[in-house]
Each structure stands twice: as C-alpha cells, then as structure tokens.
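Given next are the chains, with one letter for each unit.
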Amino acid sequence: QTRTFVDVADSAIARQIATEHGMRGIAVETKVKHEHVLQRNQTDLDFLRARAEPIGYEVVVEDHALCFRPVHRPR
C-alpha cells in the first residue's frame, strides 16, 4: 500500500490503521507530529513496525486490538 499521512503523530496513524482493519487501536501517545509520513509500497504491519522501532515502540495484536506501545524490557 502507498499513501501519505499529514500532520499526524505515529500513535494516531496506528489507531487509524487499526480502525481500517476493524480492530480496536490501543496506542500510547507519541508526542511528535509529523508534517508528512509516506507509506511506500508496504503492508500496514510492516509500515507500523518501521515507525515503531526507531522510537522504542512495538506493534502487537492482542484480543482483536492493535497495540502500539513502548517495548517492555524486563529488568
């Protein structure tokens, strides 16, 4: 899929994609809003994972909900 998201945070993108797939979107807020974000010929899951990794987030599907959240690292 190829598309552009405008003036939006990664958490909002995750919620939008979850809704498009008929899932609940549970996203921990990300503070940075991006002017333009391009999803270039990627599946939605690959795109979200690529957005999540650099900011220390993960994408997980649990109980028909897409979760976009900080990676939990046990101590």
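As the structure is a prediction and not an experimental result, all values here were calculated from the model.

Caption draft 1: Expanded view of the sheet that holds strand S2 (residues 24-27). What the 3 strands build is an open sheet, ordered S2-S5-S4; its pairing is mixed. For this open sheet the edge positions go to S2 and strand S4 (57-62), each flanked by a neighbour on one side alone. In this sheet, adjacent strand axes meet at a mean angle of 15 degrees when their direction is disregarded. Where S2 meets strand S5 (residues 65-70), 4 bridges bridge the pair, whose relative direction is parallel. When the sheet's bridge partners are listed, Ile26 is paired in S5 with Cys67. Of the strands in this sheet, S2 and S5 are in contact with helix H1 (residues 10-20), which crosses S2 at around 165 degrees. Together, S4 and S5 form the strand contacts of helix H2 (residues 44-52), whose direction differs from that of S4 by roughly 140 degrees.

Caption draft 2: Inspection of H1 at higher detail. Every buried residue of H1 is listed here: Asp10, Ser11, Ile13, Ala14, Ile17 and Ala18. Viewed along the axis of H1, the buried residues span an arc of 160 degrees, placing them on a single side of the element. Contacts made by the buried residues of H1 are with strand S1 (3-9), S2, strand S3 (33-39), H2 and S5. Gly22 lies just past H1 and shows a positive phi near 75 degrees.

Caption draft 3: The environment of Ile26, seen in detail. Residue position: Ile26 is located in strand S2. As for Ile26 and Phe5, which are separated by 21 residues in sequence, their C-alpha atoms are 19 Å apart. When near neighbours in sequence (up to four residues on either side) are disregarded, Ile26 contacts Ala65, Leu66, Cys67 and Phe68.

Caption draft 4: How the structure looks around the packing of aromatic side chains. Scanning the entire structure with this criterion turns up 2 aromatic pairs. Measuring from centroid to centroid gives 5.6 Å for Phe5 and Phe47, while their planes differ by 10 degrees, and the two rings are stacked. Placement of Phe5 in strand S1 and of Phe47 in helix H2 is noted, with a sequence separation of 42 residues between them. Of the two residues, Phe5 and Phe47, both sit in the buried class. Ring geometry for Tyr57 versus Phe68: centroids 5.1 Å apart, planes at 45 degrees, classification tilted. With Tyr57 in strand S4 and Phe68 in strand S5, this residue pair connects regions lying 11 residues apart in the sequence.

What counts, and at which threshold
For every chain, the first residue of the written sequence is number 1, and numbering continues from 1 onward in sequence order. Side-chain atom pairs in this predicted model are given and counted only at pLDDT of 80 or more, local residue features only at pLDDT of at least 70, and totals for whole chains, interfaces and linings cover all residues. Only heavy atoms go into the side-chain values, all of them from the structure, while hydrogens and water stay out. Two strands are said to pair when DSSP picks up at least two bridges between them. Labels follow the DSSP assignment, with helices taken as runs of H or I lasting at least four residues and strands as runs of E lasting at least two, numbered in each case from the N terminus. The axes are straight lines fitted to the C-alpha atoms, using for helices just the contacting stretch, and the angles between their N-to-C directions are given from 0 to 180°. In this analysis, two residues are considered to be in contact whenever any of their non-hydrogen atoms come within 4.5 Å of each other. Partly exposed describes any residue whose relative accessible area lies between the buried limit of under 20% and the exposed limit of over 50%, with all areas from a 1.4 Å probe on protein chains only and scaled to the type maximum. By definition, the arc is the one covered by directions from the helix axis to the C-beta atoms. When two rings of Phe, Tyr or Trp (its six-membered ring) have centres within 6.5 Å they constitute a pair, described as stacked for plane angles under 30 degrees, edge-to-face for angles over 60, and tilted for the intermediate range.

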